[in-house]
Amino acid sequence: MNIFARWCLVAVISSLGVSCSTKLRTTTDAAEYSDPKFKNAQAEIEREPTSPRGYINLAAFFMKESRRTGDFSLNANAEVAVAKALELAPDDIPARKLEASLHLANHRFTKAVDAALAMKAELPRDSFVYGLLADAYVEIGDYTKAVEAAQTMVDLKPGTASYSRVAQIRSLHGDHQGAIEMFLQAARIADPADKETQSWCLVQLGDEYWKGGKFAEAEKIYDEALQNFPGYFFATVSKGRVRASVGDYETAERLLTEVQARGPNAKAMLMLGDIYELRGEDDKAREQYEKFEAFEKELGNAADHNRLALSLADRGRIDEALAIARKEYEIEPSIYSADLLGWCLYKSGDLADAKKYVLEAMRLNTSDPRILFHAGMIARAEGDKSGGNQLLKSALERNPAFDLLRSRDARSALAESN
Amino acid sequence: MDDGLRTFGRRLLTSIFTTSMLASSIFASSHGEAPLISMDRYADNTDTYAFRSVEPGRDGFVTLIANFIPFQEPSGGPQWYRFDDTVLYEIKIDNTGDGNEDITYQFEFTTRTVNGDTILGMSAVNENGVISTLNDADYNMPQTYTVRRIDRTFNRRGRVLATGLTVPPANIGPRVTPDYEQNLGQPAVYPLSDGGKVFAGQRDEYFYIDVGGVFDAINLRSIGANGGVDTTQGFNVSTIAIEVPIEDLTRTRTVPSGPTASDAVIGVWSTASRRSTRVINPSQIVDSGPWRQVSRLGNPLVNEVVIPLRLKDAFNSLSPVDDAVAAPFVLDPELARLMQLVFGINIPAPPRNDLVSIFATGIPVNPITGPNYTTFLSDGQPHEYLRLNVAIPITPIGSINRLGLLGGDVAGFPNGRRVHDDVTDIALRAVAGGTPFTPATNVPPNNALGDGVSANPEGPLLTRFPYLRPPNPGNTPRVSNQQLLGRDMSKPPVVDSNGLLVR
């Protein structure tokens, strides 16, 4: 970036200054934000109401704010602003990039792919476009194309954005060490002025350690993320989880409750429910699970259907869960959709199909203990006790607290067969 | 001005400014998703300079400088800025005009982590101690570097010019780093065996100006540190600088016989590269993938203003040999149209061959600049980089004209770029056609445009290598500069002979 060039533009643009009289009326009673980015976007819209620029910057602000605070609903404001920008300038690339990002955020993965492919035709060397594609293909379960997109992205522009995608895809393919290396690099080179991105990368790194059962290492990294970006919800939830993993339910409960006090968080609700259930506080557990269910359902299409269905299945609501799982698998046949469908089929007694789908879920060699646990339980039910037990053991070896309740189930299943 | 043009101008504004916004603030928004764009500050190339050394007695050398890592808050702790050990920083020279680098100076850094407790390198400086020398034990995370020279035709693997050289610590403040320049800055200027010098370390961002409320109005503040730059200046930057004997840079390996000799002009640009990697089955160790260029800088202005958004990623990864794709944007630059639009001044019509000369081919011998002036270096294709005629004699420090060629000082920009050259004013005028190359528009206000800042308020440049001022200390309040505030923004910014705004 060139400072002179930037300045020359400043000089030119500053001469555009027009008196501001109109007020921003774009978003649904957008609260007043003191952030200069918000104020600047607002001023731009007032100054140049027919330019998409102010609306794009406003959308970008809301999307960043959503990431920073964990308040997903801010994306609705971003959608309004982007729609307005595209109405003014349908071909505008920054607006289209934001629109595609919002497709991803709201789980409109096919639309995201279409939008990204259209931009790819115009911008064959733009790394952003390949990032969109990599993310969308992962969600849809087209891993070959996801790897290809991520490879192009990192070849075009190695950096935090591409390295963190490489890390995620390596993790999916069971390359735990390779994922750690890339998340570490992504965190180290992230813009020091962008605390959210730095700490986001750190939390991912910590989660990678947590998945492998390295709780102390994980917690140290969460602590650094929190020191770097105090109060970060994402780090607080992960720290709560690692506290619960080592049996410190009190601290976990405090941290997860703290997060909830600032805004609804699905992961925190589920984990709190699990902690209460472990303690035998059934009413409090139910309250959290119900809150979680209501929260996800309110999100509509943007809900995390896999998470919702899994929770329903584990609470005995098999038919509902199975219906969601079938639908999810149909539109997004990812390994997680396959795992969910296999698990729901197992719960409903259809072992043959359950096995088929859980094998599909294992096709990338992802070392996710939850999938291993599901596979183990299905194998046992099918009559392969030793194979099943082996899977349960590997799940627990990988992470003895991969899920507070399911790891308990795995242990008791193993105890029974001894 | 017709409506069509107005609309077009708005579209240009949009595309330009949203680029800057995107660079810092757009992310895929589901909270589990990786950021889609994260500003790569450590690999961000901000300025390149190339000039015959003006330090007395050194005019047999050329000084090459490249700046990286913009917007360093002097009070940058606890994460003090340093060069990135995983970035390859390079200064490149084309001395044949084909757009390929014939000579490359590579800088690679290694940080010894004394305090390895954190991933982000926090609490890296022992603030209880005083760092009075480069090898002081209180310098908690010392960084060293290797500088290597590669010659394309006969020395492709490169030759190490020096290794184990120390990067001085950041200028933390008089308590921790007292007498910074004397104790740490100058001792980090190392002699090379060919008689040249080398330096890598933090410096004052000499030309940076933040125009306060103007930034507020146009939303460029977001690109600054912490998402909101104050209406101040005093940022630091990370500089690599090397001084090389003239004959080590020319195509004949000799000092050219005169300014019009065929070996007199060299092209100079700088780059930053990161390693790619295999997504699946990475071969052996991390950081072993091929280098990919992620940032590039030759002439001031071009990358940010001339190159449109949709080619930005591509341009930053391109070598000048492939610059033909960018040529149309030099022939008809957005900034010229913007100036016409917003100032209502008459600007030369495209194709702008005058700008192509300055940025992409060099200026041929012509009656305007006289028979002994040329910066022409091209094989007929456009290659964007600084062009320095190493046979044009230096102008002594006291006589330097900040407007370079436009001020009658042929040793300055666009003959290379000296640290003294006020390229903002020069470039504004050049783009507006306010130069002798376009006589019809070489009239006021076109030939009197300027930003109103003709000297760095923090003080003068050094009179010796590496010329750029020492970094601003962490404990110094930054100086506010609001010269443009309160100005009538509907009129073009015109400056007087001292470079100060005419109000």
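All of these numbers come straight from a predicted model, not from anything done at the bench. (Residues numbered from 1 in each chain as written. Chains lettered and ligands numbered in written order. Predicted model: local features only at pLDDT ≥ 70, side-chain atom pairs only at ≥ 80, totals over all residues. Heavy atoms only, no water.)

Novice: Describe the sheet that holds strand E2 (residues 61-72) of chain B, and please don't skip the residues or the numbers.
Specialist: Residues and elements named next belong to chain B. Ordered in space as E1-E2-E9-E8-E7, the 5 strands form an open sheet in which the pairing is antiparallel. Strands with a single pairing partner mark the edges of an open sheet, and in this sheet they are strand E1 (45-52) and strand E7 (190-191). As paired strands, strand E8 (residues 197-204) and strand E9 (residues 236-245) are joined by 8 bridges and run antiparallel to one another. Bridge pairing in E9 places Val 198 opposite Ile 242. (Pairing = 2+ DSSP bridges. Helix = DSSP H or I, 4+ residues; strand = E, 2+ residues; numbered from the N terminus.)

Novice: Explain helix H22 (residues 385-398) of chain A to me, using residue names and the numbers behind them.
Specialist: Residue and element names in this part refer to chain A. For H22, which comprises 14 residues, the first-to-last C-alpha distance of 20 Å matches the rise-based estimate of 20 Å (1.5 Å per residue) to within 8%. Taken residue by residue, H22 has Gly 388, Asn 389, Leu 392, Ala 395, Leu 396 and Arg 398 as its buried positions. Those residues of H22 that are buried lie in contact with helix H10 (176-189), helix H11 (195-211), helix H21 (369-381) and helix H23 (404-417). (Expected span 1.5 Å × (residues − 1). Buried < 20%, exposed > 50% of the residue type's maximum accessible area, 1.4 Å probe, protein only. Contact = heavy atoms within 4.5 Å.)

Novice: Explain the environment of Ile 221 of chain A to me, and be specific about the residues and the numbers.
Specialist: Residue and element names in this part refer to chain A. Mapped onto the secondary structure, Ile 221 falls in helix H12 (residues 215-228). By relative accessible area, which is 7% here, Ile 221 ends up buried. Ile 221 sits 34 residues away from Leu 255 along the chain, and the two C-alpha atoms are 16 Å apart.

Novice: Lay out helix H19 (residues 335-347) of chain A in plain terms, naming residues and giving numbers.
Specialist: Residues spaced three or four apart along an α-helix face the same direction, because each turn holds 3.6 residues. Residues and elements named next belong to chain A. In this model, H19 (13 residues) spans 18 Å end to end at C-alpha, consistent with the 18 Å of a helix rising 1.5 Å per residue. Burial analysis of H19 places 10 of its 13 residues in the buried class, which makes it a mostly covered element. Considered for burial, the residues of H19 that qualify are Ile 335, Ser 337, Ala 338, Asp 339, Leu 340, Leu 341, Gly 342, Trp 343, Cys 344 and Leu 345. The inward-facing, buried residues of H19 abut helix H8 (143-156), helix H9 (160-172), helix H17 (305-314), helix H18 (318-331), helix H20 (351-361) and H21. Where H19 terminates, the next one or two residues include Gly 349, which has phi positive at roughly 95°.

Novice: Lay out the packing of H10 of chain A against H11 of chain A with the relevant residues and their values.
Specialist: Residues and elements named next belong to chain A. Relative orientation of the contacting elements H10 and H11 amounts to 160°, with a least axis distance of 8 Å. When the interaxial angle is binned, H10 and H11 end up roughly antiparallel. Helix-helix and strand crossings are classified by hand; for H10 and H11 the assignment is left-handed. Seen from H10, the contacting residues are His 176, Ala 179, Ile 180, Phe 183, Leu 184, Ala 186 and Ala 187; seen from H11, they are Gln 198, Trp 200, Cys 201, Leu 202, Gln 204, Leu 205, Glu 208 and Tyr 209. For the contact of H10 with H11, the per-class residue count stands at 11 nonpolar, 3 polar and 1 charged. (Axes fitted to C-alpha atoms, helices over the stretch in contact; angles between N-to-C directions. Parallel < 35°, antiparallel > 145°, perpendicular 65-115°, else oblique. Left-handed = near helix turned anticlockwise from the far one by under 90°. Nonpolar A, V, L, I, M, F, W, Y, C, P; charged D, E, K, R; others polar.)

Novice: Summarise unusual backbone geometry; cite the residues concerned and give the values.
Specialist: Geometrically, the link from Phe 413 of chain B to Pro 414 of chain B is a cis peptide bond, its omega value of 10° lying close to zero. Within the element layout of this structure, Pro 414 of chain B appears in the loop between strand E12 (386-389) and helix H9 (423-431). With an omega of 0°, the peptide bond between Pro 444 of chain B and Pro 445 of chain B qualifies as cis. Mapped onto the fold, Pro 445 of chain B is located in the segment after H9. Despite not being glycine, His 107 of chain A has its phi angle at roughly 60°, a positive value. Look at His 107 of chain A and you get partly exposed, because its relative accessible area is 23%. Phi angles above zero are rare outside glycine, and Tyr 467 of chain B is one such case at about 70°. Relative to the helices and strands, Tyr 467 of chain B is located in the segment after H9. For Tyr 467 of chain B, a relative accessible area of 0% gives the class buried.

Novice: Describe the side chain of Gln 260 of chain A, naming the residues involved and giving the relevant values.
Specialist: Residue and element names in this part refer to chain A. Along the chain, Gln 260 turns up in helix H14 (residues 249-262). On the basis of relative accessible area, Gln 260 is assigned to the buried category, the value being 14%. One polar contact links the side chain of Gln 260 to the main-chain amide nitrogen of Asn 265, over a distance of 3.0 Å. In this structure, Gln 260 is in contact with Asn 265, Ala 268, Met 269, Leu 272, Gln 288 and Lys 291, ignoring residues within four places of it in sequence. (Polar contact = N/O pair within 3.5 Å; in protein donor to acceptor, adjacent residues only side chain to side chain.)

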